[in-house]
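Residues per chain, in single letters:
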Amino acid sequence: MFKAIKASVETSPLRHPAFLRLWLGLTISYLGDQFTTIALLWFVLQLTGSGTAIGLVILCFQLPGIVTGPLLGTLLDRLQPRFVMGIDNIARALLIGTIPTLYLLHHLQLWHIYVLALLAGSLSPATGAGARVILPQFVREQELERANALSSSSIQFSTLIGPMLAGIMVANTGGPWALFVDAVSFLLMGLLVLSLPSVPRLSPTVPEIATKNWLGFGVLFQTKEVLILTLLSLVFFFSYGPLEAALPIYSDKILHAGASGYGLLWSGFGVGALLGILPTSFIAARFRPGLTQPFIAILWGLFLCPLLITQNLPAACLFLALGAFAWAPYTPIETSILQRLIPAHLRGQVFGARLAIITASAPLGSVVGGFLLGYFPSPIIIGISGLACILAGIAGLLSPTLRNLRRNGATDMKETATSTSFTISDT
């Protein structure tokens, strides 16, 4: 047993000092984000008593990245990613820290929160895309899946324990002090990424197709494999969206579990997602990503469908945990294959462009789900969400390009030779 543990440690991407610093920074930053999510929304609710105000704050954090993602991605390709990410995190530390500072000085107004949230949301793609750009430089190619899985585990871990810790702190010290925790986490993340080594940057002279990539959208649309993976994720996350709108009503009206039951449902999801990260490398090594990604969407949808008839809280938690377990490898595997497909000097732009496209998909799906809740009960909406995910997976399986995509980013299909030759020639 001890030999197995020692072998696991010796082969872990965490043995690379640069990746370890990146992983620690992401873990600290994601955990701090949970404090802002809980503390700021609760603070705005106490300040205004308005659900609309809360929704506007969420939009201010999420929507700007749709515009700034491709622009920041271009900077990641032109400059040192650690520099761009460092400036992003230090700037967000100042922005988030300004909210409680203004409050303690008795100068805080609601419009201040909106403006600061917009600015923070505008900067966030620098780290979201930057981590994907810089990670392949710190680990070996065969370690990509494990490294991306570890990065995803940072999100799952923070989602699992962050809200609880933030709730305790907000209850005991108040929202403004909890926001200082997130500001400090951004500062620590900024210092850690600035300590990372520089990575090679190619000269501006690139192939003709790369010079006409339109902030990453050209490569995204002209590389068939990247486009199909993006479309699958777009439909998958949009189809997931209605679940977020329906779940609190499902907990209250169907399970009769109230807010505590709602929290337990997401806790079950968090546990399943955290455990689901563990087999990522095993799955990636033994199955083609063009098959795993559609099957994950199908499995997630299949585990949602029983909630149509489930009226028991433990059973509902179990199905959500199983669905999250099946879903967890999706993003690490997808990120790894994209890192292999996209030329190193264009990763920032393409990941920035994908971020702009996909960021709005889940919130838009939630809006659609909220609209449908006016006409259908919550179990039906959850069932529709599950069925849509199943259909998205089936559509992915029907794509020859996706179905034949291999782990190294190549395909078996002759008709994809044009897009694949561009990818291989630049890597």
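Residues numbered from 1 in each chain as written. Predicted model: local features only at pLDDT ≥ 70, side-chain atom pairs only at ≥ 80, totals over all residues. Heavy atoms only, no water.

A. The overall build of the protein, seen in detail. Check the secondary structure of the protein and you find 22 helices and zero strands. Within the protein, the fraction of its 427 residues that count as buried is 51%. By sequence separation, contacts in the protein at least 24 residues apart represent 85% of the contacts at least 6 residues apart. In the structure as shown, the protein presents an accessible area of about 18,600 Å², 73% of it carried by carbon and sulfur atoms. (Helix = DSSP H or I, 4+ residues; strand = E, 2+ residues; numbered from the N terminus. Buried < 20%, exposed > 50% of the residue type's maximum accessible area, 1.4 Å probe, protein only. Contact = heavy atoms within 4.5 Å. Areas by Shrake-Rupley, 256 points an atom, 1.4 Å probe, with all protein chains shown as cover.)

B. Geometry of the packing of helix α12 (residues 224–254) against helix α18 (residues 347–358). The geometry of α12 relative to α18 is characterised by a closest axis approach of 10 Å and an angle of 30° between their N-to-C directions. Here α12 lies roughly parallel to α18, going by the angle between them. For the pair α12 and α18, the crossing hand works out as right-handed. In this structure, α12 contributes V226, L229, T230, S233, L234 and F237 to the contact, and α18 contributes V350, R354, I357 and I358. Here the contact of α12 with α18 is built from residues that sort into seven nonpolar, two polar and one charged. (Axes fitted to C-alpha atoms, helices over the stretch in contact; angles between N-to-C directions. Parallel < 35°, antiparallel > 145°, perpendicular 65-115°, else oblique. Left-handed = near helix turned anticlockwise from the far one by under 90°. Nonpolar A, V, L, I, M, F, W, Y, C, P; charged D, E, K, R; others polar.)

C. Structural context of the packing of aromatic side chains. Within this structure, the stated rule accounts for eight aromatic pairs. When the ring of F237 is compared with that of Y330, the centres are 6.0 Å apart and the planes differ by 75°; the resulting orientation is edge-to-face. With F237 in helix α12 and Y330 in helix α17 (residues 330–341), the pair connects residues that are 93 residues apart, well separated along the chain. Judged by relative accessible area, Y330 falls into the buried class, the value being 0%. Residues Y240 and W300 carry aromatic rings whose centres are separated by 6.0 Å and whose planes lie at 50° to one another, so their mutual orientation is tilted. Here W300 lies in helix α15 (residues 289–304) and Y240 lies in helix α12, a separation of 60 residues in the sequence. Looking at W300, the relative accessible area reads 2%, which means it is buried. Grouped by ring-pair contacts, the aromatic residues Y240, W266, F269, W300 and W327 constitute a single cluster. (Phe/Tyr/Trp six-rings, centres within 6.5 Å; stacked < 30°, edge-to-face > 60°.)

D. Broad picture of the side chain of R354. Structurally, R354 is set in helix α18. Among the polar contacts listed, one links the side chain of R354 to the side chain of T230, at a separation of 2.8 Å. Once residues within four sequence positions are removed from consideration, R354 is found in contact with L220, L229, T230, S233, E334 and L338. (Polar contact = N/O pair within 3.5 Å; in protein donor to acceptor, adjacent residues only side chain to side chain.)

E. The pattern of salt bridges, seen in detail. Following the criterion strictly, the structure yields seven salt bridges and no others. Linking E143 and R15 is a salt bridge whose minimum nitrogen-to-oxygen distance equals 2.8 Å. With a gap of 128 residues between them, E143 in the loop between α7 (125–134) and α8 (144–173) and R15 in the loop between α1 (2–11) and α2 (17–48) connect regions that are remote in the sequence. When its relative accessible area of 4% is taken as the criterion, E143 is described as buried. One salt bridge in this structure joins R140 and E143, with 3.2 Å as the shortest N-O distance. Taken together, the salt bridges that share partners define one network made up of R15, R140 and E143. (Salt bridge = Lys/Arg side-chain N within 4 Å of Asp/Glu carboxyl O.)

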